[in-house]
Amino acid sequence: MASLDDVLFPWLRPIRAQLVSLNTSPIIVAYSGGLDSTCLLHMLCQVVSPDRVIVLHVHHGLSSNADAWLHHCREVAQQWGCRFNTRSVLVKPRGAGVEAAAREARYQVFGEALSTGGVLLQGHHADDQLETVFLHLMRGSGPAGLKGIPQQRTCGHGEIWRPLLAVTREQLQAYAAHFGLSYVHDESNDCVDFDRNYLRKAVMPMLSKRFAQLYSAVLATTDAMADAESLQRALAWQDADLTRSVLPLDALLSLDPVRQRNVLRYWFCHHTGQVLPRQSMVALVHSVLNAKADACPELVVGEWRLQRSRQQLALLPVTEEVPLWQAIWDFREPLKTPYGTLVAVPVEGGWQFPSTVMVSHRRGGEKIRPFGRGVSKTLKALFKERDVPLWQRAALPLLWHTDTLLYIPDIAADESCAPIDGCMGWHIQWQPQILSIET
């Protein structure tokens, strides 16, 4: 026999079934104290023991009411028998604005909360989904944006679940009124200067009156876009190894333009966790991919740099220039440099070096008399001969004695370092730092 709750709220049964299926402990609820997270926390506490629940409140400090919201959230958690945890964050607005900065700060907290695994629940609902899809539509997004807010996603070493995505704000308001739930109101949600609030206050009510099937139509679109995005992602992985931070251009340029852009889009996102803006994609294809074969163009996108060199395309973080660096090395212990580590292995017939050398990075104009060549060569010419990409050149350490360049790892050794039969010398191993740009 159906319960009164099932009769009043027929949408509630599948949500309760999903919450009951959670087999992790604790279950974390992202709790702002607002309508959606209050309803979600209440639903959860009806079907699982509250002592399994951690209420996580992120204190942004952006409102004069933030302390009052914190107090309210703590009281609700205690009243319902849940454990309470709060984290204060410093929101640093950048180019994308306050909302994006606050979101970034929240998800950093969520990632830390899920550092050992588990599930975190968020209260995003159908109205949030509609607003998100329309915002992405206005930004010219493709399937990745128009699929909207996913039901589940990984975060830290756990997962974020959003059980309320098919439930409207109006339905949640009715639920809260029925159970007498109190919740806080964020006054910033009333300011139509924010695009999301403008959609919520001005656009969606008008569309809902005109189009009765607005919610179901948009949710159907998000499902279709999710399928399309999954196919695009699979095709990108089929066309290229997206785990590499360097792509071979010959393989990329052999693809038709649509598949080229698809690879670049998912490659960039895989390493940065960000969407490659449309205007950046246009510039990348026109000015970098289609540049002359011997050109070395680059494109900066936010904190990332896409650089072409020797028929390769590299994705690198934009970093400040490393200050002039040098060190004295006696070969006895490995030497750490800003870009990696030098290791000297004693071997018979190895290179002959003075007892100590000075190690530095390239400054420009260096020359060496490579062993067996009989003439001086510039370091630039040697790099070109060996097809050393631009992004590797600045990292290579150079071994000097007074003003003589003795050795460039894996490139050349000076004639004065020639091996002597039967004599011990050195084999130099260069272990470059592995640049981690995975997200």
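Everything below is about the structure shown above.
Position numbers for residues start from 1 in each chain and track the written sequence from start to end. Two thresholds apply to this predicted model, a pLDDT of at least 70 for residue-level local features and 80 or more for giving and counting side-chain atom pairs, whereas whole-chain, interface and lining totals are computed over all residues. With hydrogens and water set aside, each side-chain value is computed from the structure's full complement of heavy atoms.

(A) The arrangement of the packing of aromatic side chains in detail. Stacked, edge-to-face and tilted are the three classes for Phe, Tyr and Trp ring pairs, Trp counted by its six-membered ring, which pair at centre distances within 6.5 Å; planes under 30 degrees apart are stacked, over 60 edge-to-face, the rest tilted. Scanning the entire structure with this criterion turns up 11 aromatic pairs. With 5.7 Å between their ring centres and 80 degrees between their planes, Phe353 and Tyr407 make a pair best called edge-to-face. On the criterion of sequence distance, the pair formed by Phe353 in the loop between strand E13 (340–348) and strand E14 (357–361) and Tyr407 in strand E18 (residues 404–408) is long-range, its members being 54 residues apart. On the basis of relative accessibility, which here comes to 6%, the residue Tyr407 falls in the buried class. A helix here means a DSSP run of H or I that spans at least four residues, while a strand means a run of E at least two residues long, and both kinds are numbered starting from the N terminus. Only protein chains enter the calculation, and the probe is 1.4 Å; a residue is then buried if its accessible area is under 20% of its type maximum, exposed if over 50%, and partly exposed in between.

(B) The environment of Asn65, seen in detail. With respect to the helices and strands, the residue Asn65 is situated in the loop between strand E2 (53–59) and helix H4 (66–79). Note on Asn65: relative accessible area 32%, which makes it partly exposed. Sequence separation between Asn65 and Cys269 is 204 residues, and the spatial gap between their C-alpha atoms is 37 Å.

(C) Seen up close, the pattern of salt bridges. Each salt bridge in this description consists of a side-chain nitrogen of Lys or Arg and a carboxyl oxygen of Asp or Glu lying within 4 Å of one another. Tallied over the entire structure, the rule returns 14 salt bridges. Across the pair Asp127 and Arg169 runs a salt bridge whose closest N-O atoms are separated by 3.4 Å. In this pair, Asp127 is assigned in helix H6 (residues 126–138) and Arg169 in helix H8 (residues 169–179), connecting sequence segments 42 residues apart. For Asp127, a relative accessible area of 9% puts it in the buried group. One salt bridge in this structure joins Glu385 and Arg373, with 3.1 Å as the shortest N-O distance. Taken together, the positions of Glu385 in helix H14 (residues 379–385) and Arg373 in the loop between strand E15 (367–368) and strand E16 (377–378) put the pair 12 residues apart, joining distant regions of the chain. For Glu385, a relative accessible area of 42% translates into the label partly exposed. On the basis of relative accessibility, which here comes to 39%, the residue Arg373 falls in the partly exposed class. Overlapping salt bridges bring together Asp127, Glu131, Arg169, Arg196 and Arg200 as one network.

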